[in-house]
Amino acid sequence: MNSQISNPSIESHEIDAVIERQKQYFRTGETRSVPFRREQLIKLREAVLRFEPQLLAALKEDLNKSEQEAYTTEIGIVLSEIRTALRYVRRWSKPERARTPMTHFGASSRIVPEPYGTTLIIGPWNYPVNLMLVPVVSAIAAGNTIVMKPSEMAPATSRALAALVRETFRPEYVTLIEGEASVSTELLKRPFDHIFFTGSPQVGRIVMEAAAKQLIPVTLELGGKSPCIVHKDARLSLAAKRVVYGKLTNAGQTCVAPDYLLVHREAKAALLKEIESVVETFYGQDPIRDPDYGRIVNERHYRRLLGYLADGRIAYGGQTDDASLKIAPTLLEDVSPNSKVMREEIFGPILPILEYESTEELLSIVRQNPKPLALYVFSENKQFQQDIIREVPFGGGCVNDTLMHLGTPYLPFGGVGTSGIGSYHGEHGFRTFSHYKSVLKQTSRFDFPFRYPKAKNGLNIIRKLLR
Ligand code: NAD
């Protein structure tokens, strides 16, 4: 295979060579020792701290992220994941004892976590540091070698990450390959031992299909339409603050952003007023001019979002600026459930508002779309909170908050159905990048004859033991 890929930085045979070297290096066993893993995590932490100015500048360039936002949602989360992995990796890596049934008398059982081997991590553009480096933390903690492919749509961040990886790790251990979708296509033909993909459900299907051809295990972190429910008994001013925070962080380009709002009829007018006032407190009267307000990643996505503005009545906002690719925070009312804005993942600062009277009405709206990545419910009523959590399948979410469930290393983060397969963060990330090997160790000091053919009374004994 010697074809030139539409990325000047790498050719097909070079990809083969990188993977072959990683496989050879993995076989040396060096990546398996816990002290080695800890050393690499420390190296990564030092590199992230050293590269912080470059990463912040790149995130500003690619997405106009403010320093506070970039630190809280990207760099800070990576550092917190490294800290958790450093604290627990020894414990996570220990074989677990398991019970052994009477039929296996004399034996002992263990479950031994082992790294998959050479892994591939493909990331999106919206949190390009977090979504590339957090899986890397898990993969290192689990003892793998890693090939990273960041998104070409955040080019400055892709370059900064490439420099960070080059300066920190040997390529046979961790390599970053920059490039467009065609580079992923090439990578997906290679014999990786695990693939970790974050991106859209459409590309998720392509990744899973490619992986299926070689039976490579995959983790898919995808997206969807995450509902945000505000019940009539919610603390409205607090709910407004947290909804606006969740929706406008990164200008709505967040996989777990509240996609649309479902508000109880009685609370609607008051909530909308509160939301408008919070937007003005956060980003002023003219958010488009606010230097800390994010921009849309590129012209194509900007145009796609402008299309949604016609799917309802603009109740607030609606200003746009072609030059800076910014769209003001916009509330959209009177949207039809069949319109595009209610069928596609919005991924921008446009919030459709739907109202409900009964829980059944609310559930029927939520069920029109596939299982979402996140769900948020604001209510002071425990029963209502529980009903929603029980009735709606979703990846993860919050009661009386937005986004925060993914900022903790103690909760698994992932989707369900079309919003994803598998999860990570903290120990869940370690488990995602590990195979759990079952080992039964039998004694050789004695040997019960009952399982062997023609053993006297054998079947009777087996019947008794298994009953
Ligand atoms: P995307 O699927 O377009 O691209 C993701 C990655 O896949 C990029 O590196 C890209 O180069 C590569 N790619 C694109 N087309 C490909 C193809 N045909 N074959 C192989 N690789 C290909 O996603 P995006 O636009 O970067 O990100 C937005 C999507 O990601 C949204 O749906 C969002 O919800 C989802 N997302 C999910 C999470 C999560 O953690 N679950 C986080 C962020 C974003």
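Below you will find a few notes about this structure. (Residues numbered from 1 in each chain as written. Predicted model: local features only at pLDDT ≥ 70, side-chain atom pairs only at ≥ 80, totals over all residues. Heavy atoms only, no water.)

## Considerations on the packing of helix α2 (residues 34-50) against helix α6 (residues 155-168)
Alright, step 1. Interaxial distance between α2 and α6 falls to 10 Å at its minimum, and their mutual angle equals 140 degrees. Viewed along their axes, α2 and α6 adopt a mutual orientation that is oblique. For α2 against α6, the interelement crossing comes out right-handed. Each of Lys-43, Leu-44, Ala-47, Val-48 and Arg-50 in α2 lies in contact with α6, whose residues at this interface are Leu-164, Glu-167 and Thr-168.
Alright, step 2. Tallied by class, the residues present in the contact of α2 with α6 amount to 4 nonpolar, 1 polar and 3 charged. (Axes fitted to C-alpha atoms, helices over the stretch in contact; angles between N-to-C directions. Helix = DSSP H or I, 4+ residues; strand = E, 2+ residues; numbered from the N terminus. Parallel < 35°, antiparallel > 145°, perpendicular 65-115°, else oblique. Left-handed = near helix turned anticlockwise from the far one by under 90°. Contact = heavy atoms within 4.5 Å. Nonpolar A, V, L, I, M, F, W, Y, C, P; charged D, E, K, R; others polar.)

## Side note on empty space enclosed by the protein
Alright, step 1. Counting across every chain of the model gives 2 cavities of 30 Å³ or more.
Alright, step 2. Put simply, the largest cavity is a space of about 70 Å³.
Alright, step 3. Lining the largest cavity are Val-244, Lys-247, Leu-248, Ile-275, Val-279, Tyr-316, Pro-329, Thr-330, Leu-331, Pro-349 and Leu-351.
Alright, step 4. Among the secondary structure elements, those contributing two or more residues to the lining of the largest cavity are α9 (236-248), α10 (268-283) and β13 (330-333).
Alright, step 5. Of all the elements, α9 adds the most residues to the lining of the largest cavity, at 3 residues.
Alright, step 6. For the second largest cavity, the calculated volume is near 50 Å³.
Alright, step 7. Taken together, Gly-224, Lys-247, Gly-252, Thr-254, Cys-255, Ala-257, Pro-258, Asp-259, Glu-345, Ile-346, Phe-347 and Gly-348 make up the full set of residues lining the second largest cavity. (1 Å grid on protein atoms, 1.4 Å probe; cavity = no way out; pocket = protein on both sides within 12 Å on 5 of 7 lines; lining within 4 Å. Points joined across faces, edges and corners; volume = space filled by probe spheres on them.)

## Regarding the sheet that holds strand β9 (residues 260-264)
Alright, step 1. Strand order in the open sheet formed by 7 strands is β10-β13-β14-β9-β8-β15-β16, with mixed pairing between adjacent strands. Each edge of the open sheet carries a strand with a single partner, namely β10 (313-316) and β16 (396-399). Averaged over all neighbouring strand pairs, the angle between strand axes comes to 25 degrees, with direction disregarded.
Alright, step 2. Direction of pairing for strand β8 (residues 227-230) relative to strand β15 (residues 374-378): parallel, over a ladder of 3 bridges. Each bridged residue has a counterpart across the sheet, and for Cys-228 the counterpart in β15 is Tyr-376. (Pairing = 2+ DSSP bridges.)

Take it as geometry only, folks, not as evidence of what the structure does.
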